[in-house]
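# A look at the structure
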Amino acid sequence: MVINGFLTSPLSTTSLINMYSKCNRVTDALMVFDTWTHNQNVFAYNAIVAGFVANAMPKQALESYWGMRLAGIMPDKFTFPCVIKACSDIKAILEARKVHGLLFKFGLELDVFVGSALVHSYVKVGYTEEAHQLFEELPTRDVVLWNSMINGFTQIGQFGKALEVFKKMGEERVVPSKFTVTGMLSVFTVMGDLNNGMAFHGFVVKVGYASGVAVLNALIDMYGKCKCVQDALNIFEIMPEKDIFSWNSILCVHEQCGDHDGALKFFSRMLGSGVIPDLVTVTTILPACAHLAALIHGREIHSYMIVNELEKEGNDKDVDNVYVKNAVMDMTHPEEFLIYAGLNSITSRLYEYGYMPNG
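These figures come from a predicted structure and were not determined experimentally. (Residues numbered from 1 in each chain as written. Predicted model: local features only at pLDDT ≥ 70, side-chain atom pairs only at ≥ 80, totals over all residues. Heavy atoms only, no water.)

### Focus: the overall build of the protein
Broken down by element type, the protein carries 21 helices and 0 strands. For the protein, restricting intrachain contacts to residue pairs at least 6 apart in sequence, the fraction spanning at least 24 positions comes to 61%. (Helix = DSSP H or I, 4+ residues; strand = E, 2+ residues; numbered from the N terminus. Contact = heavy atoms within 4.5 Å.)

Below, the structure is given as structure tokens:
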């Protein structure tokens, strides 16, 4: 393209920026943008802003947007959704409010795509009332936007409003998605509302979402939190496919109900199925070892955590370490010194359970 002079065209420049951005080559995209400055129109700016956002570089996206404004290039309805997302990613709520005000100047305050981005942004930073007000003003609302409002109210504990949004969604004949279902099940789970949860289970079956792994996991969690262990177990056993969340959910159900022996049995089944435990698994199963004085088993799990660095797993490592260490410290027993004699079986049993590290 360079040799043949194709980059003299703004369309070619924009296409090249988009290509590099989608291939995670942001440096190359920026090089193209900075080199052919004569092609820096609204399309090129939109491409580089979108590229930064898509590659989790929100600060650079906002800097490009500010450069666009300083250059006197007017943003359009394709600019604002990316800019708004960048604001929410770094929780720059003041900048998001400025963008919101600017929408009125450009006559885009009721644009579906821009408005949707702004609703999602407000929900993400906890400004649920502002999000709901904007949501009510939008002339068209897709299922993703409805889900965002349901989840937004759920996150701040306003379950009644989440239910109202779902009810209104039905009144407007918006077809719910699997994300709607899991969002509503989380509402009933936190509320401990078994009756409505069971009724919603019937709705899930009726609309044909009862075979999805994520939905079934949410149902297990709901029944478990409502102390309906058998119902949770029935769902788990009929699942054609089980992921790590399925196993962790059923382990939590047994542990929360004090069935420590049942939790350990499911843990053994999980290992036999070839599913690799994660941080949630071990912090759930270690207390069961403590309650049953299964210190050897608990120390095997602790060994697994160390060799696989699960103590360092997660975004908030300090919090994760607290949970893990508390669980390990809880594994005490009056005859602990006698049990140490049997610890030479740890390595062989780790291989038996199949959770030794690769390589």
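### Structural notes on the confidence of the model for the protein
Residue-level pLDDT values for the protein average 81, and 77% of them are 70 or greater. In the predicted structure, residues 328-351 sits below a pLDDT of 50 and forms 35 contacts with residues beyond four places in sequence or in another chain. Across residues 355-359, confidence stays below pLDDT 50; counting only partners more than four residues off in sequence or on other chains, it has 12 contacts. (pLDDT = per-residue confidence, 0-100.)

### A short note on the packing of aromatic side chains
Overall, the coordinates contain 10 aromatic pairs when judged by the stated rule. Ring plane angle 85° and centroid distance 4.9 Å describe the contact between Phe135 and Trp146, whose orientation is recorded as edge-to-face. Separated by 11 residues along the polypeptide, Phe135 in helix 8 (residues 128-137) and Trp146 in helix 9 (residues 143-155) bring together distant segments of the chain. Residue Phe135 is classed as buried on the basis of its relative accessible area of 1%. Since its relative accessible area comes to 0%, Trp146 is described here as buried. A cation sits over an aromatic face here: Arg141 above Phe135, 4.6 Å from the ring centre. (Phe/Tyr/Trp six-rings, centres within 6.5 Å; stacked < 30°, edge-to-face > 60°. Buried < 20%, exposed > 50% of the residue type's maximum accessible area, 1.4 Å probe, protein only. Lys NZ or Arg CZ within 6 Å of the ring centre and 35° of its normal.)

### Some points on the side chain of His260
Note that His260 resides in helix 16 (residues 260-272). For His260, a relative accessible area of 14% gives the class buried. Side chain to side chain, His260 and Glu255 meet in a polar contact 3.1 Å long. (Polar contact = N/O pair within 3.5 Å; in protein donor to acceptor, adjacent residues only side chain to side chain.)

### Topic: unusual backbone geometry
Residues other than glycine seldom take positive phi values, yet Asn24 does so here, at roughly 60°. By secondary structure assignment, the location of Asn24 is in the loop between helix 1 (10-22) and helix 2 (26-35). For Ala56, which is not glycine, the phi torsion reads 55° and is therefore positive. Here Ala56 is to be found in the loop between helix 3 (42-54) and helix 4 (58-70).

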